[in-house]
Amino acid sequence: MSDNRGVVYLGTGKVEVQKIDYPKMQDPRGNKIEHGVILKVVSTNICGSDQHMVRGRTTAQVGLVLGHEITGEIIEKGRDVERLAIGDLVSVPFNVACGRCRSCKEQHTGVCLTVNPARAGGAYGYVDMGDWTGGQAEYVLVPYADFNLLKLPDRDKAMEKIRDLTCLSDILPTGYHGAVTAGVGPGSTVYVAGAGPVGLAAAASARLLGAAVVIVGDLNPARLQHAKSQGFEVVDLSQDTPLHEQIAGLLGEPEVDCAVDAVGFEARGHGHTGSQSEAPATVLNSLMQVTRVAGKIGIPGLYVTEDPGAVDAAAKQGALSVRFGLGWAKSHSFHTGQTPTMKYNRQLMQAIMWDRINIADVVGVQVISLDEAPRGYSEFDSGVPKKFVIDPHKTFSAA
Ligand SMILES: NC(=O)c1ccc[n+]([C@@H]2O[C@H](COP(=O)([O-])OP(=O)(O)OC[C@H]3O[C@@H](n4cnc5c(N)ncnc54)[C@H](O)[C@@H]3O)[C@@H](O)[C@H]2O)c1
Ligand SMILES: [Zn+2]
Ligand SMILES: [Zn+2]
């Protein structure tokens, strides 16, 4: 049996590459399965969602093998896998989904009812998501493979675009879902809060969907500069000029048609003073202010039910001071939750293969080795405008 190595969470601020078990054809409850495959991981990305855990802002347990953004090659398959072959290159949606339950049948694969005994929704290497082993590793198990996996059609062409295709496991579908659920279409004016990889993926998706103008907001100057270099308008929320006035400065009116929250519960306040501290409801409240009446707000940014590091007792339970009355008065629609990746990944793969979207450049993909993962985590946490992609078998350099 082969060895395996993976990125392990060791407590607040600490991850390490360690020897881990080679995957077995069994679920986290120890039941043998025949519907799974074992992948040799070709690429696996570090995500802002991982950072919430590594910053100690969740109840993630020490010893968790991280990694939910996985692309790989099938090297072993269970007896019941019918539509996939050894050697296939596949993109793995970060959601673990069974394909059999009501949620899956209705395309809500982010809240599959069977893969996590504790609550709806499963994912690899993530707190509260069913204990599926993470894929920031050399090898990983994917269950319900026929249902979950997206086969990349042409291996050579796929390897040429692997820096882009690696974004199909999460951030591109997530940004796209944010834009779609915000109602973006031809001619829309769009505001995206957050210039991290998800915000930039939402901005690129809005452009793909035909938005007239896309404004990206953040407090991080390097990320704003990068967003600008990719052709987006930007607003700097560390400035004292309020968001709606900055939007008016760009659009001639203080509201947009569509808004996306790509920040989540670790949001900082606005303005010189506000930005010095965390204010978890800021983005939600500001989006209600700047979204036009009857507009939609897409919320891929993560909100939690328990946050040990929250600013106050209510926020420790995920209860935030949201001015819901304003959203009600403006007839806003809100869409939250884990992205149902599978709903979008095939179309977005085609958009990549036919050069309709240059997602790797937009999010600043930087390829690193597995051993460099701890450095990737700390650099990403420092706010560099990059998306770190781990290449555990040095497949990229060989391509
Ligand atoms: N719904 C899903 O399925 C899903 C999938 C992937 C990621 N996510 C979540 O999306 C969010 C973004 O992910 P990421 O990888 O881009 O993370 P990230 O941490 O790299 O980016 C977040 C950005 O928000 C900025 N920010 C902080 N306060 C702000 C404010 N008030 N206004 C505007 N910007 C502000 C930060 O400076 C940072 O650049 C995270 O919460 C992540 O967990 C959700
Ligand atoms: Zn992710
Ligand atoms: Zn299901």
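Residues numbered from 1 in each chain as written. Chains lettered and ligands numbered in written order. Predicted model: local features only at pLDDT ≥ 70, side-chain atom pairs only at ≥ 80, totals over all residues. Heavy atoms only, no water.

1. Details of the coordination of the zinc ion (ligand 2)
Donor atoms from the polypeptide that coordinate the zinc ion (ligand 2) comprise Cys47 (SG), His68 (NE2), Glu69 (OE) and Asp170 (OD), at 1.9 to 2.3 Å from the metal. Taken together, the four donor atoms surrounding the zinc ion (ligand 2) define angles of 92 to 129° at the centre, an arrangement classified as tetrahedral. (Donors = N, O, S within 2.8 Å, 3.2 Å for Na, K, Ca; no water. Tetrahedral: all angles 85-135°; square planar, octahedral: opposite > 155°, others 65-115°.)

2. As for a nonpolar patch on the surface
Together, Val322, Phe324, Trp328 and Phe334 make up a nonpolar patch on the protein surface, roughly 450 Å² of accessible area in all. Considering the arrangement of structural elements, one finds Val322 in the loop between α12 (313-316) and α13 (324-329). (Patch = residues over 30% accessible without salt bridge, like charges linked within 9 Å, V, L, I, M, F, W, Y side chains within 5 Å. Areas by Shrake-Rupley, 256 points an atom, 1.4 Å probe, with all protein chains shown as cover. Salt bridge = Lys/Arg side-chain N within 4 Å of Asp/Glu carboxyl O. Helix = DSSP H or I, 4+ residues; strand = E, 2+ residues; numbered from the N terminus.)

3. What about the coordination of the zinc ion (ligand 3)?
Taken together, the protein donors to the zinc ion (ligand 3) comprise Cys98 (SG), Cys101 (SG), Cys104 (SG) and Cys112 (SG), at separations of 2.3 to 2.4 Å. Considering all four donor atoms around the zinc ion (ligand 3), angles at the metal cover 99 to 119° and the coordination shape is tetrahedral.

4. A word on the pattern of salt bridges
Inspection of every chain in the model, using the stated rule, returns 20 salt bridges. Among the salt bridges present, the one from Glu138 reaches Arg5, with a minimum N-O distance of 3.3 Å. Pair noted here: Glu138 is in the loop between β7 (122-123) and β8 (139-142) and Arg5 is in strand β1 (residues 4-9), with a separation of 133 residues, a long-range link. In this structure, the salt-bridge partner of Arg375 is Glu379, at a minimum N-O distance of 2.6 Å. Of this pair, Arg375 and Glu379 both sit in helix α16 (residues 373-381), four residues apart, roughly one helical turn. Given the relative accessible area of 34%, Arg375 is considered partly exposed. Beyond isolated ion pairs, a larger network of salt bridges with shared partners links Arg55, Arg57, Glu266, Glu278, Asp307 and Asp381. (Buried < 20%, exposed > 50% of the residue type's maximum accessible area, 1.4 Å probe, protein only.)

5. Describing the UniProt feature "domain: Alcohol dehydrogenase-like C-terminal" (unreviewed entry) in the protein chain
Those residues carrying the UniProt feature "domain: Alcohol dehydrogenase-like C-terminal" (unreviewed entry) are residues 197-264 in this numbering. A distance of 13 Å separates the end C-alpha atoms of residues 197-264, which is 44% helix and 24% strand. (UniProt positions renumbered as here; feature names shortened; annotations may be inferred.)

6. As for the UniProt feature "domain: Alcohol dehydrogenase-like N-terminal" (unreviewed entry) in the protein chain
Following the UniProt record, one finds the feature "domain: Alcohol dehydrogenase-like N-terminal" (unreviewed entry) at residues 35-154. Secondary structure over residues 35-154 splits into 12% helix and 27% strand, and the C-alpha atoms at its two ends are 24 Å apart.

7. Considering the packing of aromatic side chains
Going through the model one piece at a time under the given rule, you end up with three aromatic pairs. Look at Tyr176 and Tyr344: their rings are 5.3 Å apart centre to centre, the planes differ by 70°, and that puts the pair in the edge-to-face class. Linking Tyr176 in helix α6 (residues 171-181) with Tyr344 in the loop between β15 (333-336) and α14 (345-353), this pair joins segments that are 168 residues apart in sequence. (Phe/Tyr/Trp six-rings, centres within 6.5 Å; stacked < 30°, edge-to-face > 60°.)

8. Description of the domain arrangement of the protein chain
Examined at the domain level, the protein chain breaks down into domain 1 (5-170 + 340-390) and domain 2 (171-335). For domain 1 and domain 2, the distance between their C-alpha centroids amounts to 26 Å. Counting residues at the interface gives 35 residues for domain 1, matched by 30 residues for domain 2. For the pair domain 1 and domain 2, the two sides together bury roughly 2,700 Å², of which 63% comes from carbon and sulfur. Of all residues in domain 1, Arg57, Tyr344 and Val362 give up the largest surface area on contact with domain 2, accounting jointly for 28% of the area buried on that side. (Domains from an automatic or database assignment. Contact = heavy atoms within 4.5 Å. Buried area = accessible area lost by both parts, 1.4 Å probe.)

9. Quick look at the sheet that holds strand β13 (residues 256-261)
Spatially, the six strands line up as an open sheet ordered β12-β11-β10-β13-β14-β15, and their pairing is parallel. Taken across any chain shown, the strands that pair with only one partner, and hence form the sheet edges, are β12 (233-236) and β15. Averaged over all pairs of adjacent strands, the angle between their axes in this sheet comes to 20°, without regard to strand direction. By the bridge criterion, four bridges tie strand β10 (residues 189-193) to β13 in an arrangement that is parallel. Across the sheet, Val192 pairs through a bridge with Val260, a residue of β13. Each of β10, β13, β14 (291-299) and β15 touches helix α11 (residues 282-290); the most contacted strand, β14, lies at about 150° to it. (Pairing = 2+ DSSP bridges. Axes fitted to C-alpha atoms, helices over the stretch in contact; angles between N-to-C directions.)

10. As for the site of ligand 1
In the region of ligand 1, 29 residues are neighbours, and Ser49, His52, Asp218, Arg223 and Arg268 sit closest. Contact distances for ligand 1 include 2.8 Å between an oxygen atom and a side-chain N or O atom of His52. Between Val198 and ligand 1, the recorded distance is 3.0 Å, taken from a backbone N or O atom to an oxygen atom. In isolation ligand 1 has 870 Å² of accessible area, and contact with the protein removes 93% of it. Of all the elements in the fold, those that place two or more residues in the shell around ligand 1 are α1 (48-54), α7 (197-208) and β11 (213-218). (Near = heavy atom within 4 Å. Polar contact = N/O pair within 3.5 Å; in protein donor to acceptor, adjacent residues only side chain to side chain.)

11. Remarks on unusual backbone geometry
With a phi close to 55°, Ser331 is a non-glycine residue in the positive phi region. Note on placement: Ser331 falls in the loop between α13 and β15. Within the chain, Lys394 stands out as a residue other than glycine whose phi angle is a positive 55°. If you trace the backbone, Lys394 turns up in the loop between β17 (387-390) and α17 (395-398).

12. What about the environment of Val7?
Among the secondary structure elements, Val7 is positioned in strand β1. Residues Val7 and Gly325, spaced 318 residues apart in sequence, show a C-alpha to C-alpha distance of 43 Å. Setting aside residues no more than four positions away along its own chain, Val7 makes contact with Val15, Glu16, Val17, Leu64, Val65, Leu66, Gln136, Leu370, Ala373 and Tyr377.

13. Notes on the nonpolar core
Membership of the largest hydrophobic core comes to 47 residues, with the highest contact counts inside it found for Leu168, Leu172, Val184, Val192, Val214 and Ile359. It is α7 that provides the largest number of residues to this core, a total of seven residues. Both domains that furnish three or more residues to this core are identified here as domain 1 (5-170 + 340-390) and domain 2 (171-335). In contact with Val184, other than residues within four places in its own chain, are Ala179, Val190, Ala206, Leu209, Ala211 and Cys258. In terms of nonpolar packing, the next biggest core, distinct from the first, is built from 25 residues, Tyr9, Ile46, Leu66 and Ile368 among them. (Core = buried A, V, L, I, M, F, W, Y, C linked by side-chain atoms within 4.5 Å.)

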